[in-house]
Amino acid sequence: MIATPKRASPVPAEGSLAYTLFHAAGILAAVIGGRTLDAALAAQKPSATARPAVMDVCYGTLRNFGRGDFLIRALVAKPLDEPWIRGLLLAAVQRLEAAPDQAHTVVDQAVEVAAVWRGGRFKGFVNGVLRNFQRRRAALLSAADADEVACRRHPGWWIEAIRSAHPQHWESVLEAGNTRPPMTLRVNRRRTDAAAYRQALAAAGIEARELGDGAMLLARPVPVERLPGFSAGDCSVQDWGAQHAAVLLDVRAGQRVLDACAAPGGKTAHLLECCDGLELLALDADATRARRIAENLVRLHLSATVKAVDCRQVVAWWDGRPFDRILADVPCSASGVVRRHPDAKWLRRVADVSGFAATQAGILDALWPLLAPGGKMLYCTCSVFPEENGEQVAAFVARHPDARRLPTGGSNNELNFLPCADHDGFYYALLAKAAVAA
């Protein structure tokens, strides 16, 4: 449960910065306590009109958590055992650093929010901490710039892992993780083409450029309601890196295809858009997420069989007929998409990466017997950690003599997308199963 303030005064008025900070404090407190940002947002329930502003504060604060946490610890002499107040201070300090010209309003509104917590006894504390930040601002920010975790805005173990894995690009990978993500569309080729849809975007006042194969990178994110034909299924929101899955899997009409970890259904839909006549089965272990697959297919006027089941529990869902293609978009650390899930880098621990790797190995070993001789399996993650990527695939091939790597267009028969301005971080390896000897 997210802590609810024992109010000494009413909730701040909707539309005010205080209202935004009030809800952000509760959400950030929940994340500090170990809850995911998505779950915390769903539980807090700010008003629909205020939700974008609340999300903006929460995402910005968590992207910069390493810096904000450093600053709060420098300002507060004793450990702060009040997650709600800590969340409020983190959000306020983030706002003070991002918009110094609004300092008076930010401090005033944060103190108003503090009035609703534990009878208002933290009002003076919050006021003092924030005014102290203003007085010591230059020295504090200089100290933060000299601290690697505060400067890079990632946990120390994460920084070391990226530096070791990507020695030539580690700084740009970390920098990308602190930015706002791009918004990329996938044009539904069954309903329109890239040129026509780009014209529709231009007519709607939305600037975009083509990335290839029906991908459109928007100059600025917009609500999906503004996208021409979105509700009719003319396009989907999908990162350009993720759009390579359907192309690499190379599906053909009449094939049986398995999307083993399919939610929310972007890659499932893309496969169906690429080729008529597929017999496609989409699985996801989470029933709520599996429903999202079905909802996306309805919007896009596509059809597939969707089941809520763990793909590793083969006896519970497989009918014994082999698949020609398998997409194994496995659960992972999400280290390639942390700008979309900024809580992940602070909630993850070193041991979690090995835990994901064990799950991935289990999925691959469970699915491989289901692939027809001569068939192809595409392994992919949204991770940039080798333990989940190249090391995982190398170990799998060593366990399965009938598996061989196929070219992907990248080096060493694997495709590594490191996060940048155009796309998130993704990894792909395409595996072929030996054909039965004649």
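Everything below is about the structure printed above this text.
No experiment lies behind these values; they were computed from the predicted model shown.

Novice: Would you mind showing me how to read the overall build of the chain here?
Specialist: On a plain count of helices and strands, the chain comes out with 18 helices and 12 strands. Taking 22 Å as the expected radius of gyration for a compact globule of 438 residues, we find that the chain reaches 24 Å, a close match to that expectation. For the chain, the spread of C-alpha atoms along the principal axes amounts to about 80 × 50 × 40 Å. Split into buried and exposed, the 438 residues of the chain put 54% on the buried side. Within the chain, residue pairs in contact and separated by at least 24 positions form 71% of the contacts whose partners lie at least 6 positions apart. When the accessible area of the chain is evaluated, it comes to approximately 18900 Å², of which 53% is carbon and sulfur surface.

Novice: Explain the sheet that holds strand β2 (residues 208–212) to me, please; I cannot follow it from the model alone.
Specialist: In a beta sheet, neighbouring strands pair by backbone hydrogen bonds and run either parallel or antiparallel. Reading across the sheet, the four strands line up as β2-β3-β1-β4 and stay open at both edges, with antiparallel pairing between neighbours. Each edge of the open sheet carries a strand with a single partner, namely β2 and β4 (235–237). Each neighbouring strand pair of the sheet contributes to a mean axis angle of 30 degrees, computed without reference to strand direction. Relative to β4, strand β1 (residues 184–187) is paired through three bridges, and the arrangement is antiparallel. Across the sheet, the residue bridging to Arg186 is Ser236, located in β4.

Novice: Where do I start with the nonpolar core in this structure?
Specialist: Nonpolar side chains in soluble globular proteins tend to end up buried together. With 53 residues, the main nonpolar core has Leu37, Leu71, Trp84, Leu88, Val126, Leu130 and Phe133 as its most contacted residues. At the level of secondary structure, the elements contributing two or more residues to this core comprise α1 (17–32), α2 (37–44), α3 (51–63), α4 (65–75), α5 (83–98), α6 (103–114), α7 (123–135) and α8 (137–146). Here this core gets 11 residues from one element, more than from any other, and that element is α1. When near neighbours in sequence (up to four residues on either side) are disregarded, Leu71 contacts Val93, Glu97, Phe133, Leu140, Leu141 and Ala144. Judged by nonpolar contacts, the second largest core, of 34 residues, contains Ala242, Ala246, Leu278 and Cys332.

Novice: Would you take a moment to explain α8 for this structure?
Specialist: Side chains of residues three or four places apart in an α-helix project in the same direction, reflecting 3.6 residues per turn. Among the residues making up α8, those that are buried are Arg137, Leu140, Leu141 and Ala144. End-on view of α8: buried residues confined to an arc of 95 degrees, all on one side of the axis. Opposite the buried face of α8, by more than 90 degrees, sit the exposed residues Ala138, Ala139 and Ala146. Contacts from the buried residues of α8 go to α4, α5, α7 and α9 (148–152).

Novice: How should I be thinking about the side chain of Asn64 in this particular structure?
Specialist: Looking at the element boundaries, Asn64 is found in the loop between α3 and α4. A distance of 2.9 Å separates a polar atom in the side chain of Asn64 from the backbone oxygen of Gly60.

Conventions we followed
Residues numbered from 1 in each chain as written. Predicted model: local features only at pLDDT ≥ 70, side-chain atom pairs only at ≥ 80, totals over all residues. Heavy atoms only, no water. Helix = DSSP H or I, 4+ residues; strand = E, 2+ residues; numbered from the N terminus. Rg over C-alpha atoms; globule rule 2.2 N^0.38 Å. Buried < 20%, exposed > 50% of the residue type's maximum accessible area, 1.4 Å probe, protein only. Contact = heavy atoms within 4.5 Å. Areas by Shrake-Rupley, 256 points an atom, 1.4 Å probe, with all protein chains shown as cover. Pairing = 2+ DSSP bridges. Axes fitted to C-alpha atoms, helices over the stretch in contact; angles between N-to-C directions. Core = buried A, V, L, I, M, F, W, Y, C linked by side-chain atoms within 4.5 Å. Arc of directions from axis to C-beta. Polar contact = N/O pair within 3.5 Å; in protein donor to acceptor, adjacent residues only side chain to side chain.

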